[in-house]
Amino acid sequence: MDPFSPEGELLNIHTAFVQGQYEAVLSDYNFSTYSQSNHLPVQVLQYRAQCALGQYDEVIGAISDSDARSKPDLAAVRTYASYLSIQSPGAVQEAERLAEQEGDNLNVQLLCGTILARADRAEQAAQLLSRHTGSLDAVALLVQVYLLQNRTDLALQQAKSARSFAQDALLVNLAESWVGMRQGGEQYQKAFYVFEELAQSPSSASAMSLVAQAVSELHLGRVEEAETALNAALELEPENVTALSNKLVLDAISGRNIDEARTRLESVDKEHEVLADMAAKREAFQAAMAKYNPKFEA
């Protein structure tokens, strides 16, 4: 029986993880209360929750060399935490090695696939994730990889395929909503309903769901509502990088001074892609300006 199925004992902790309730994943679930066969899956989910909270060093320190050698799942977790901490070429190479040698392992698919996608190796990530056997987690990540490649058609195909065997699953709803955000039009409103339901329900509210709601609000032109959702997300997690980056974007499109938002984001992740993109656009604008010299007639 699939432990993540409605009848499986990992359903609740997995749902909490998917909803972005990372603190709850760590505090409300003890792997010793699960059957022996599910100890490792619970441990991996908790390590991933720590990574989501930025506790990379704690995760790396908790996994010994011997454990990493004997368990591909833990090797993938440690490589994932190492990459998020430093983003070194060595971590990417280790992800590639694990993908080649242990590519049938689901956690290797998910974690090394994430590393490869973030390291601009989206094609390799898609190939690795395509080896999954009925995993909604892999489908959801594959949808995101295809969206990174601007292949909305393939992303939609994956979401529809998952709908055929997991009709009401949360991950399927989220995957379809991510695709809808790329399609635009009336799909924005459909995505908003999914994100709003997650963000406003006491059982599923999290910084992640609030940010998703805020982004959908922005696409719908509801700036004030988006700001309210982002502020709520930052109250829950003041250093949430995704919330901070979207707050910077919101301030920019609203015509506000962005210095405070930019400083807050830089204090958490000075290499963030939004900051890099802004710097590149600023440099391009200054280069364009330099080509034109004002001429004054006497």
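To keep things clear, this report deals only with the structure shown in the data block.

Analysis parameters
Residues numbered from 1 in each chain as written. Predicted model: local features only at pLDDT ≥ 70, side-chain atom pairs only at ≥ 80, totals over all residues. Heavy atoms only, no water. Helix = DSSP H or I, 4+ residues; strand = E, 2+ residues; numbered from the N terminus. Expected span 1.5 Å × (residues − 1). Buried < 20%, exposed > 50% of the residue type's maximum accessible area, 1.4 Å probe, protein only. Arc of directions from axis to C-beta. Contact = heavy atoms within 4.5 Å. Salt bridge = Lys/Arg side-chain N within 4 Å of Asp/Glu carboxyl O. Axes fitted to C-alpha atoms, helices over the stretch in contact; angles between N-to-C directions. Parallel < 35°, antiparallel > 145°, perpendicular 65-115°, else oblique. Left-handed = near helix turned anticlockwise from the far one by under 90°. Disulfide = S-S within 2.5 Å. Phe/Tyr/Trp six-rings, centres within 6.5 Å; stacked < 30°, edge-to-face > 60°. Lys NZ or Arg CZ within 6 Å of the ring centre and 35° of its normal. Polar contact = N/O pair within 3.5 Å; in protein donor to acceptor, adjacent residues only side chain to side chain.

1. Things to note about helix α15 (residues 223-236)
Between the first and last C-alpha of α15 there are 20 Å, a value that for 14 residues agrees with the 20 Å anticipated at 1.5 Å per step. What α15 keeps buried is the set Ala226, Glu227, Ala229, Leu230, Ala233 and Leu234. Projected onto a plane normal to the axis of α15, the buried residues spread over an arc of 165° and lie on a single side. Looking at α15, the residues exposed on the side facing more than 90 degrees away from the buried face are Glu224, Thr228, Glu235 and Leu236. Looking at the buried positions of α15, the neighbouring elements they touch are α14 (207-219), α16 (241-253) and α17 (259-268).

2. Quick notes on the pattern of salt bridges
Side chains that carry opposite charge are capable of pairing whenever their charged atoms lie near each other. With the rule as written, the count across this model stands at 13 salt bridges. Linking Arg256 and Glu227 is a salt bridge whose minimum nitrogen-to-oxygen distance equals 2.7 Å. Here Glu227 lies in helix α15 and Arg256 lies in the loop between α16 and α17, a separation of 29 residues in the sequence. A residue is classified by how much of its surface remains accessible, and Arg256, at 36% relative accessible area, is partly exposed. Overall, the relative accessible area of 17% leaves Glu227 in the buried class. Arg262 serves as the salt-bridge partner of Asp259, at 2.9 Å between the closest nitrogen and oxygen. In this pair, Asp259 and Arg262 are both assigned in helix α17, three residues apart and thus about one turn of the helix distant. Owing to a relative accessible area of 40%, Asp259 belongs among the partly exposed residues under this scheme. What makes Arg262 partly exposed here is its relative accessible area of 22%. Connected through shared salt-bridge partners, Glu227, Lys247, Asp251 and Arg256 make up one network.

3. Observations regarding the packing of helix α13 (residues 186-200) against α14
Across the interface, α13 lies against α14 with an axial gap of 8 Å and an inter-helix angle of 150°. As the angle between them shows, α13 and α14 are arranged roughly antiparallel. Crossing of α13 against α14: the hand is left-handed. Seen from α13, the contacting residues are Tyr188, Phe192, Phe195, Glu196, Leu198, Ala199 and Gln200; seen from α14, they are Ser209, Leu210, Ala212, Gln213, Ser216, Glu217 and His219.

4. As for the state of the cysteines
Within this structure, the stated rule accounts for zero disulfides. Here Cys51 is not cross-linked by a disulfide; its sulfur's nearest cysteine counterpart is in Cys112, at 12 Å.

5. As for the packing of aromatic side chains
As enumerated under the stated definition, the model contains two aromatic pairs in all. For the ring pair Phe17 and Tyr22, a centre distance of 5.6 Å and an interplane angle of 65° mean the geometry is edge-to-face. The exposure classification of Phe17 matches that of Tyr22, with both residues buried. Taking the ring centre of Phe192 as reference, the NZ or CZ of Arg222 above it sits at 4.6 Å.

6. Some remarks on unusual backbone geometry
In this structure, Gln87 takes a positive phi of about 55° despite not being glycine. Inspection of the secondary structure assignment puts Gln87 in the loop between α6 (72-86) and α7 (89-101).

7. Things to note about the side chain of Glu217
One can find Glu217 in helix α14. Using a relative accessible area of 4% as the deciding quantity, one classes Glu217 as buried. When sequence neighbours within four positions are dropped, the list of residues in contact with Glu217 reads Phe192, Arg222, Glu225 and Ala226.

8. Some thoughts on the side chain of Ser245
Its location among the elements puts Ser245 in helix α16. A polar atom in the side chain of Ser245 sits 2.9 Å from the backbone oxygen of Thr242. Setting aside its immediate chain neighbours within four residues, Ser245 contacts Leu265, His272 and Val274.

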